[in-house]
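# Structural characterization, general
The primary structure of each chain is shown beneath.
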Amino acid sequence: MDTASRLLRLLSLLHSRPQWDGAELATRLEVTPRTVRRDVTRLRALGYPIDAEAGIGGGYRLGPGGRLPPLLLEDAEAVAIAVGLRVATTTTVSGVEEAAISALAKLHQVLPVRLREQVDAIGAHTTQLPQGELPPVDAGVLVTLAAGCRHTEGIRFGYRTHDGTESERSVEPLQIVHTGRRWYLVARDRDRQAWRTFRVDRITHPVLTGSRYRFDDAPDPVAMVAEGVPAASRISARSAYQVATQDRIGFVRLATISRSAASAAALGS
């Protein structure tokens, strides 16, 4: 194995689990521990933050920050990412469209021909219905809300209700729900001591407070959003929505709610 291939393999191993023993890495790479140390030094010089701890229980781990490590994708994973990026080019999240187009162009360039043909076929024969004029959602707001959900950390933000009333809210976020048209935050309102849904496009200047919490009575966030739409109450739970969760990335749940429910009155506390 040449040096470049070995460095990519080392990065892949470091990314696959939190910590590796030096001897175990040497065995996996079929090199000596000394070569592992040299390769770690090379990766650090390239900008990858690799932490090392000596002694019993020590080892190597990929630290936070730095450059993104190369991704080694299976064929199906590469196609899924390409399709997802195509969808992101038409999202209502402001600032994401151009980044999605740029990332899609880079991915398309390196895809093998057989996978490129699959992606092109999906793009050529897929049409998205017009969404109408929807208010944009700030990507930075989504990131902050998702961080609060992930780390069970309180958030303060400004909020505008459907009638234009503005207020300051302090909440304990549970999950973000996307209905296909709008984004909602399901959270416990600390001042009102009650569960609420908040339209993300009406949230401004969210700030993580540092306060931690635990939920003993958390509701189903997708059901809560669906029940907040008047038409949803007339549809059985089985047919009202389908849910896809993505816990490791952003605590976002995607809900495909029936057409009649999605076109009903908007939610907002």
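Structure: above.
My aim in this report is to walk through the structure given alongside it, one point at a time. (Residues numbered from 1 in each chain as written. Predicted model: local features only at pLDDT ≥ 70, side-chain atom pairs only at ≥ 80, totals over all residues. Heavy atoms only, no water.)

So, about the overall build of the chain. Each helix and strand in the chain was counted, giving ten helices and eleven strands. Within the chain, the fraction of its 269 residues that count as buried is 37%. Looking at the chain as shown, the accessible area adds up to about 16000 Å², and 53% of this sits on carbon and sulfur atoms. (Helix = DSSP H or I, 4+ residues; strand = E, 2+ residues; numbered from the N terminus. Buried < 20%, exposed > 50% of the residue type's maximum accessible area, 1.4 Å probe, protein only. Areas by Shrake-Rupley, 256 points an atom, 1.4 Å probe, with all protein chains shown as cover.)

To continue, consider the pattern of salt bridges. Counted according to the given criterion, the structure contains eleven salt bridges. Among the salt bridges present, the one from arginine 190 reaches glutamate 172, with a minimum N-O distance of 3.6 Å. Highlighted residues: arginine 190 in the loop between β7 (183-189) and β8 (194-199) and glutamate 172 in strand β6 (residues 166-178), separated in sequence by 18 residues. Linking aspartate 189 and arginine 192 is a salt bridge whose minimum nitrogen-to-oxygen distance equals 3.0 Å. Under the relative-accessibility criterion, aspartate 189 is labelled buried at 0%. Put simply, Glu172, Arg188, Arg190 and Asp217 are held in one network by salt bridges that share partners. (Salt bridge = Lys/Arg side-chain N within 4 Å of Asp/Glu carboxyl O.)

On to the packing of helix α4 (residues 75-88) against helix α5 (residues 96-110). Their axes nearest at 8 Å, the elements α4 and α5 cross at an angle of 150°. Considered as vectors, α4 and α5 are oriented roughly antiparallel to each other. Relative to α5, the crossing made by α4 is left-handed. Two secondary-structure elements touch here, α4 through Ala78, Ile81, Ala82, Leu85, Arg86 and Ala88 and α5 through Val96, Glu97, Ala100, Ala103, Leu104 and Leu107. Within the contact of α4 with α5, the residues separate by chemical class into ten nonpolar, no polar and two charged. (Axes fitted to C-alpha atoms, helices over the stretch in contact; angles between N-to-C directions. Parallel < 35°, antiparallel > 145°, perpendicular 65-115°, else oblique. Left-handed = near helix turned anticlockwise from the far one by under 90°. Contact = heavy atoms within 4.5 Å. Nonpolar A, V, L, I, M, F, W, Y, C, P; charged D, E, K, R; others polar.)

Below, the discussion takes up the nonpolar core. One broad trend across soluble globular proteins is that nonpolar side chains are buried collectively. Leu145, Phe157, Ile176, Leu185, Phe198, Val200 and Ile203 are the most contacted members of the largest nonpolar core, which has 18 residues in total. Elements that contribute at least two residues to this core include exactly α7 (139-151), β5 (153-160), β6 and β7. At five residues, the largest contribution of residues to this core is made by α7. Excluding anything up to four places from it in sequence, isoleucine 203 contacts Val141, Leu145, Phe157, Gly158, Tyr159, Leu185 and Phe198. Counting residues in hydrophobic clusters, the runner-up holds 15 residues, among them Leu13, Trp20, Leu25 and Leu43. (Core = buried A, V, L, I, M, F, W, Y, C linked by side-chain atoms within 4.5 Å.)

Helix-helix packing is characterised by the crossing angle of the two axes and by the distance between the axes. Between helix α1 (residues 3-16) and helix α3 (residues 33-45), the shortest axis-to-axis distance is 10 Å and the interhelical angle comes to 85°. With respect to each other, α1 and α3 are oriented roughly perpendicular. Taking contact as the criterion, the partners of Thr3, Arg6, Leu7, Leu10 and Leu11 in α1 are, on α3, Thr35, Asp39, Val40, Arg42 and Leu43. Residues that form the contact of α1 with α3 fall into these classes: five nonpolar, two polar and three charged.

In this fold, arginine 188 is placed in strand β7. A polar atom in the side chain of arginine 188 sits 2.6 Å from the side chain of glutamate 172. With sequence-adjacent residues up to four places away left out, arginine 188 is seen in contact with Ser170, Val171, Glu172, Ala194, Trp195, Arg214, Phe215 and Asp217. (Polar contact = N/O pair within 3.5 Å; in protein donor to acceptor, adjacent residues only side chain to side chain.)

Moving on to the environment of aspartate 39. Structurally, aspartate 39 is set in helix α3. According to the relative accessible area criterion, aspartate 39 is buried, its value standing at 0%. Sequence-wise, aspartate 39 and alanine 4 are 35 residues apart; in three dimensions their C-alpha atoms are separated by 9.7 Å. If near-sequence neighbours (up to four positions away) are discounted, aspartate 39 is found in contact with Arg6, Leu7 and Leu10.

Okay, the packing of aromatic side chains next. This structure, assessed with the given rule, holds five aromatic pairs. Taking the centre distance of 5.1 Å and the plane angle of 85° together, the rings of tyrosine 159 and phenylalanine 198 count as edge-to-face. Here the residue tyrosine 159 occupies a position in strand β5, and phenylalanine 198 occupies one in strand β8, the gap between them amounting to 39 residues. As far as the burial class goes, tyrosine 159 and phenylalanine 198 line up, both buried. Judged by centre distance (4.9 Å) and plane angle (50°), the rings of tryptophan 195 and phenylalanine 215 are tilted. Taken together, the residues tryptophan 195 in strand β8 and phenylalanine 215 in the loop between β9 (203-212) and α8 (221-228) connect sequence positions 20 residues apart. Accessibility expressed as a relative area gives 23% for phenylalanine 215, which makes it partly exposed. One aromatic cluster is present, built from ring pairs that chain together Phe157, Tyr159 and Phe198. (Phe/Tyr/Trp six-rings, centres within 6.5 Å; stacked < 30°, edge-to-face > 60°.)

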